[in-house]
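A closer look at the structure
Spelled out from the first residue to the last, the chains are:
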Amino acid sequence: MTKKLIYDLTLDELTHWVSKQGEPKYRAAQIWEGLYKQYYSDPASYSNLSKTLKKRLDQAFIFSPLMPSATLSSRDGNTGKTLFELSGGARIETVLMRYTSRNSLCVSTQSGCAMGCTFCATGQMGFTRHLSSGEIIAQVLYYANILRQSSESLTNVVFMGMGEPFQNYDACLDAIRRLNDPDGFNMGARRFTISTVGIVPKIKKFADEGLQVNLAISLHAADNATRSSLVPINRMYPIEKVIGACKYYIQKTNRRVSFEYGLINGVNDSNLQAMALGDHLKGMLCHVNLIALNPTDGFDNTGPKQERIDAFLQILTAKKIQATVRTRRGIEIQAGCGQLAYQQSNML
Ligand code: SAH
Ligand code: SF4
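All values reported here derive from a predicted model rather than from experimental measurement. (Residues numbered from 1 in each chain as written. Chains lettered and ligands numbered in written order. Predicted model: local features only at pLDDT ≥ 70, side-chain atom pairs only at ≥ 80, totals over all residues. Heavy atoms only, no water.)

Ligand 2 sits among Cys113, Met115, Gly116, Cys117, Cys120, Gly123, Gly163, Glu164 and Val197. Looking at side-chain class alone, the shell around ligand 2 contains 5 nonpolar, 3 polar and 1 charged residues. (Near = heavy atom within 4 Å. Nonpolar A, V, L, I, M, F, W, Y, C, P; charged D, E, K, R; others polar.)

Overall, mixed pairing links the 10 strands, which are arranged β3-β4-β5-β6-β9-β10-β11-β12-β13-β14 in an open sheet. Among the strands making up the open sheet, the edge pair consists of β3 (67-73) and β14 (323-325). Each strand axis lies, on average, 20° off the axis of its neighbour in the sheet, ignoring direction. One ladder, built from 4 bridges, connects strand β10 (residues 192-196) with strand β11 (residues 214-218); its direction is parallel. Residue pairing for β11: Thr196 is matched across the bridge by Ile217. Sheet strands in contact with helix α5 (residues 133-148) are β3, β4 (79-85), β5 (91-98), β6 (103-106) and β9 (156-159), and its direction is about 40° off that of β5. Relative to the sheet, helix α6 (residues 169-180) contacts β9 and β10, its axis offset from that of β10 by approximately 175°. (Pairing = 2+ DSSP bridges. Helix = DSSP H or I, 4+ residues; strand = E, 2+ residues; numbered from the N terminus. Axes fitted to C-alpha atoms, helices over the stretch in contact; angles between N-to-C directions. Contact = heavy atoms within 4.5 Å.)

Another point: the pairing of strand β13 (residues 286-292). For β13, the buried fraction is high: 7 of the 7 residues fall into the buried class. Of the two faces of β13, the one lined by Cys286, Val288, Leu290 and Ala292 and the one lined by His287, Asn289 and Ile291 are each fully buried. Two strands pair when backbone bridges link them, and strand β12 (residues 257-263) and β13 are joined in this way by 7 bridges, in the parallel orientation. Bridge assignment links Gly262 to a residue of β13, and that residue is Ile291. Summarising the sheet, β13 and β14 pair through 3 bridges and their orientation is parallel. From the neighbouring strand, Val288 faces β14, where its bridge partner is Ala323. Considered for its hand, the β-α-β crossover made up of β13, helix α11 (residues 306-318) and β14 is right-handed. (Buried < 20%, exposed > 50% of the residue type's maximum accessible area, 1.4 Å probe, protein only. Right-handed = clockwise from strand over helix to strand, strands pointing away.)

Our focus in this paragraph is the side chain of Gln139. Tracing the chain through its elements places Gln139 in helix α5. On the accessibility criterion, Gln139 (0% relative accessible area) is buried. Apart from the residues within four sequence positions on either side, Gln139 is in contact with Leu66, Ile92, Glu93, Thr94, Leu105, Val107, Ser108 and Leu131.

Those residues of helix α10 (residues 271-281) that sit buried are Gln273, Ala274, Leu277, Gly278 and Leu281. Projected down its long axis, α10 carries its buried residues within an arc of 140°, all on one side. Turning to α10, the residues buried within the fold contact α8 (224-230), α9 (239-253), β12, β13 and α11. Looking one or two places after α10, you find Gly283, whose phi comes out positive at around 75°. (Arc of directions from axis to C-beta.)

Take the pattern of salt bridges next. A full pass over the atoms with the stated rule returns 9 salt bridges. Measuring nitrogen to oxygen at the nearest pair gives 2.5 Å for the salt bridge that ties Glu260 to Arg326. Taken together, the residues span a long stretch of sequence, with Glu260 in strand β12 and Arg326 in the loop between β14 and α12 (344-347) at a distance of 66 residues. Note on Glu260: relative accessible area 4%, which makes it buried. One salt bridge in this structure joins Lys319 and Asp279, with 2.8 Å as the shortest N-O distance. Residue Lys319 is found in the loop between α11 and β14, and its partner Asp279 is found in helix α10; the two are separated by 40 residues along the sequence. For Lys319, a relative accessible area of 31% gives the class partly exposed. With relative accessibility at 46%, the residue Asp279 sits in the partly exposed group. (Salt bridge = Lys/Arg side-chain N within 4 Å of Asp/Glu carboxyl O.)

Let's shift gears to the site of ligand 1. Taken together, 19 residues lie near ligand 1, and Gly163, Ser195, Ser218, His220 and Asn294 sit nearest. Here an oxygen atom of ligand 1 sits 2.6 Å away from a polar atom, N or O, in the side chain of Ser218. When isolated, ligand 1 has an accessible area of 530 Å², and the protein chains bury 96% of it. Class assignment for the residues of the shell around ligand 1 results in 8 nonpolar, 9 polar and 2 charged. (Polar contact = N/O pair within 3.5 Å; in protein donor to acceptor, adjacent residues only side chain to side chain. Areas by Shrake-Rupley, 256 points an atom, 1.4 Å probe, with all protein chains shown as cover.)

All right, on to the domain arrangement of the chain then. The domains assigned to the chain are domain 1 (4-62) and domain 2 (67-340). In this structure, domain 1 and domain 2 have C-alpha centres spaced 33 Å apart. Counting from both sides, the interface comprises 11 residues of domain 1 and, opposite them, 17 residues of domain 2. Both sides of the domain 1 and domain 2 interface together cover about 1200 Å² of buried area, and 57% of this is carbon and sulfur. In terms of surface lost to domain 2, no three residues of domain 1 exceed Tyr7, Tyr36 and Tyr39, which account for 50% of the buried area on that side. If you look at where domain 1 meets domain 2, you find 0 salt bridges. (Domains from an automatic or database assignment. Buried area = accessible area lost by both parts, 1.4 Å probe.)

And the structure:
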């Protein structure tokens, strides 16, 4: 019998399994609490379960799906990333960003990505496989456990690591719902952010879920020709459609959308582009995050000079669009946005 990942189960499924073992149902709640409140990663940790039940748990389930194969910290110690190997050998990276008043975890949703955005290190490596909901959850619990050792906790989880969350929609939503459980990990929906390249039907579906989860859209250009050259999926879901879907999301949820805009020297950073962006977003409940493009091996360009970034920001502000420049973090350990690709030379 192949073992299942325990974090892939809902509480109902776990209860069903417990009943099948001839155990009372409350055992499921005990196991659940061990996983999501105590962060046990081994059946042996349960002091409240019988030896027999612990043995059965061990025979039926995997508790530690992530094999950390390298960890790196930025010079200031505020950004750390871990490279994990998953079953079957797929690799992912998870990044912890510590700020003064919050600890934000950037999780991967796929190993690699099929979207092929030209400037993105994950896109450059191609697609390996989807992660299961449990593999996404395991990243969160792994770091929650580490932080607890220094009496800290995770305050936010952003789906901005490797992969396109809306290409793996169900696993991402299942992971959020499970982590949301007040009797388990109990992380409020508002503490999650999903970032998408703009899969229009999924943005609409997401709007209809009735969740308070934040939505970020990776826009990167204000005209379709430029955007298609950077983000190939734009040919299927052009800017107007993406923005239309965002308006639907805002109307349904009354929540603010974030637009990510990676500024690339001489490509999408002109005053004209800033004005066009302002026109697209006029009157929307939104915020623009400007990011100077981080360097990647496969893309021969980088972020513009500070003056250009400032000018771009000023135009948006003059058009009454809320915008900020996101500070770069963890660049030297390839943990900045879009730099999550396995590069052995960097890890050893
Ligand atoms: N696939 C999703 C989420 C993962 S990418 C998405 O595209 O939104 C996370 C963020 O990093 C996205 O906003 C993406 O556009 C950005 N990004 C990718 N490569 C980058 C780079 N080289 N420099 C800066 N941001 C980058
Ligand atoms: Fe995939 Fe996002 Fe990278 Fe595009 S930017 S290749 S969607 S991870």
